[in-house]
Amino acid sequence: MKALVLERKGELAIRDIELPREVGPEDVKIAIHTVGVCGSDVHYYTHGAIGSFILREPMVLGHEAAGVVLEVGAAVKNLKVGDRVCMEPGIPNMASRASKLGIYNVDPDVRFWATPPIHGVLTPEVVHPAAFTYKLPDTVSFAEGAMVEPFAVGMQAATRARITPGDVAVVIGCGPIGIMTALAALAGGCSRVFISDLSAPKLAIAGQYGGITPVNITEASLLETVMAATDGWGADVIFEASGSPRAYQGIFDLMRPGGTLVLVGLPVEPVAFDVPASIFKEARIETVFRYANNFDRAVNLIAAGKVDLKPLITETFAFEDSIAAFERAAKGLPDDVKLQIRMPG
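The structure reproduced in this document is the subject of the present report. These figures come from a predicted structure and were not determined experimentally.

A word on the overall build of the protein chain. Looking only at helices and strands, the protein chain has 10 helices and 20 strands in total. Its C-alpha atoms give the protein chain principal-axis dimensions of roughly 60 × 40 × 35 Å. For the protein chain, buried positions account for 52% of its 345 residues. A separation of at least 24 residues holds for 70% of the contacts in the protein chain among residues at least 6 apart in sequence. Charge separation in the protein chain, taken as the distance between the mean sites of 30 positive and 39 negative side-chain charges, equals 3 Å.

If you want it as structure tokens, here you go:
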């Protein structure tokens, strides 16, 4: 079966590879339609590793996906052949202590697509547990379905923030996850979200959404902007979604007393953290790793028209051009938010 394979750091190939095809009683087989190009996929391509996850053998890339059910296992009741679906890419050990606590996203045994040594889904067909496969309403396109996975990260961030209706939030970092975190914060009840970055094109895209105020930190002070908007009180919630060590400099100055900091971006190295500043504000600090128990809620928000992710899709590539898609994504062009790949068939 043809797939986009990361052979080693910096080397991609579209070639045949043997992948699991057997459909178990609780599984479904899915014809992949659309796959998003994620920053983690690109990082494996350019660096060969993310933290302790190291590429040691060829791996199929891709984990943001939507498609059509081709076959269902004998015990599957919630899906049928022909259903349009999106898939949660992490398969936990349902008997683990983490899963029993409802935090299966941090299950040490989780098998996550396109995370070494687990293959991803940039291939025509995959087999996946029905329990982590979600039917798409007719109003949700395949392209939007493939955006559910990154949007679920924003949903996890908004959930961890414990937003109170009317809260003012700040999102640091206007990449795909930053923008989707801002949208999830609005959907969760925030009255206003400020989003900051260096990239004017990305900020312009974010600024198209009602309730989101872009702040270009090359032209304006984020701190002064937030303080002016809150009468010097500060934001209720700060989402750090850039992963940049510089973002932590003065981050608690943006926050009201007793506010919340949610760490979403993943720095590649340890960062300096101002513990006294967090204590003086009695800040609540939350962290986000992927997501748990919110894929279906993300689908529902999109289907209800509460969240529109279509403006974030910059370009769609044919599968035969998927190497070019990754080469482009690796350049980090300022106008690009989300690139997607459409499978043949």
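Our next topic: the environment of Gly-62. Relative to the helices and strands, Gly-62 resides in the loop between β6 (59–60) and β7 (64–72). Spatially, the C-alpha atoms of Gly-62 and Leu-261 are 30 Å apart, while their sequence positions differ by 199 residues. Ignoring anything within four residues of it in the chain, the contact list for Gly-62 reads Val-35, Asp-41, Trp-113, Ala-114, Gly-120, Val-121 and Leu-122.

What follows is about the sheet that holds strand β13 (residues 168–172). Spatially, 6 strands are ordered β15-β14-β13-β16-β17-β18 in an open sheet, and the strand pairing comes out parallel. Both outer strands of the open sheet, β15 (212–216) and β18 (284–287), are each paired with one neighbouring strand and no more. With strand direction ignored, the average angle separating the axes of adjacent strands in the sheet is 20 degrees. Strands in contact with helix α5 (residues 176–187) are β13, β14 (192–197), β15 and β16 (235–240); relative to β14, the strand with the most contacts, it is inclined by about 170 degrees. On the sheet, helix α7 (residues 222–229) packs against β13, β14, β15 and β16 and is oriented at approximately 170 degrees with respect to β14.

A separate point is the packing of aromatic side chains. With the rule as written, the count across this model stands at 6 aromatic pairs. On the basis of an interplanar angle of 55 degrees and a centroid distance of 6.1 Å, the ring pair of Tyr-248 and Phe-273 is categorised as tilted. Pair noted here: Tyr-248 is in the loop between β16 and β17 (255–263) and Phe-273 is in the loop between β17 and α8 (275–280), with a separation of 25 residues, a long-range link. Following the ring pairs from residue to residue traces out a cluster consisting of Tyr-134, Tyr-291 and Phe-295. Directly above the ring of Phe-142 sits Arg-84, whose terminal nitrogen or CZ lies 4.6 Å from the centroid. The ring of Phe-112 has Arg-290 sitting right over it, with the charged end atom 3.7 Å from the ring centre.

A surface patch of nonpolar side chains, amounting to about 500 Å² of accessible area, comprises Phe-273, Val-275, Ile-279, Phe-280 and Ile-285. Per-element accounting of the nonpolar patch gives the leading share, 3 residues, to α8. The exposure class of Phe-273 is partly exposed, given its relative accessible area of 32%.

Here the focus is the nonpolar core. If you look at the biggest cluster of nonpolar residues, it comprises 53 residues, and the most contacted ones within it are Phe-151, Ile-179, Leu-183, Ile-195, Phe-239, Leu-309 and Leu-312. Elements with a contribution of two residues or more to this core: α4 (148–161), β13, α5, β14, α6 (200–206), β16 and α9 (295–303). Looking at this core element by element, the count peaks at 8 residues for α4. When neighbours within four sequence positions are excluded, Leu-312 is seen to be in contact with Met-147, Ile-179, Met-180, Leu-183, Ile-205, Tyr-209, Val-337 and Lys-338. Counting residues in each nonpolar core, the second largest holds 37 residues, with Leu-4, Tyr-44, Tyr-45 and Leu-339 among its members.

Inspection of the secondary structure assignment puts Asp-27 in strand β3 (residues 27–36). No salt bridge is formed by the buried Asp-27, whose closest oppositely charged neighbour, Lys-29, lies at an N-O distance of 10 Å. Engagement of the side chain of Asp-27 in a polar contact is seen with the backbone nitrogen of Gly-24, the distance being 3.0 Å.

Reading guide: rules and limits
- Residues numbered from 1 in each chain as written.
- Predicted model: local features only at pLDDT ≥ 70, side-chain atom pairs only at ≥ 80, totals over all residues.
- Heavy atoms only, no water.
- Helix = DSSP H or I, 4+ residues; strand = E, 2+ residues; numbered from the N terminus.
- Buried < 20%, exposed > 50% of the residue type's maximum accessible area, 1.4 Å probe, protein only.
- Contact = heavy atoms within 4.5 Å.
- Lys, Arg positive; Asp, Glu negative; His and termini not counted.
- Charge placed at Lys NZ, Arg CZ, Asp CG, Glu CD.
- Pairing = 2+ DSSP bridges.
- Axes fitted to C-alpha atoms, helices over the stretch in contact; angles between N-to-C directions.
- Phe/Tyr/Trp six-rings, centres within 6.5 Å; stacked < 30°, edge-to-face > 60°.
- Lys NZ or Arg CZ within 6 Å of the ring centre and 35° of its normal.
- Patch = residues over 30% accessible without salt bridge, like charges linked within 9 Å, V, L, I, M, F, W, Y side chains within 5 Å.
- Areas by Shrake-Rupley, 256 points an atom, 1.4 Å probe, with all protein chains shown as cover.
- Salt bridge = Lys/Arg side-chain N within 4 Å of Asp/Glu carboxyl O.
- Core = buried A, V, L, I, M, F, W, Y, C linked by side-chain atoms within 4.5 Å.
- Polar contact = N/O pair within 3.5 Å; in protein donor to acceptor, adjacent residues only side chain to side chain.

Worth remembering: the numbers are spatial, not functional.
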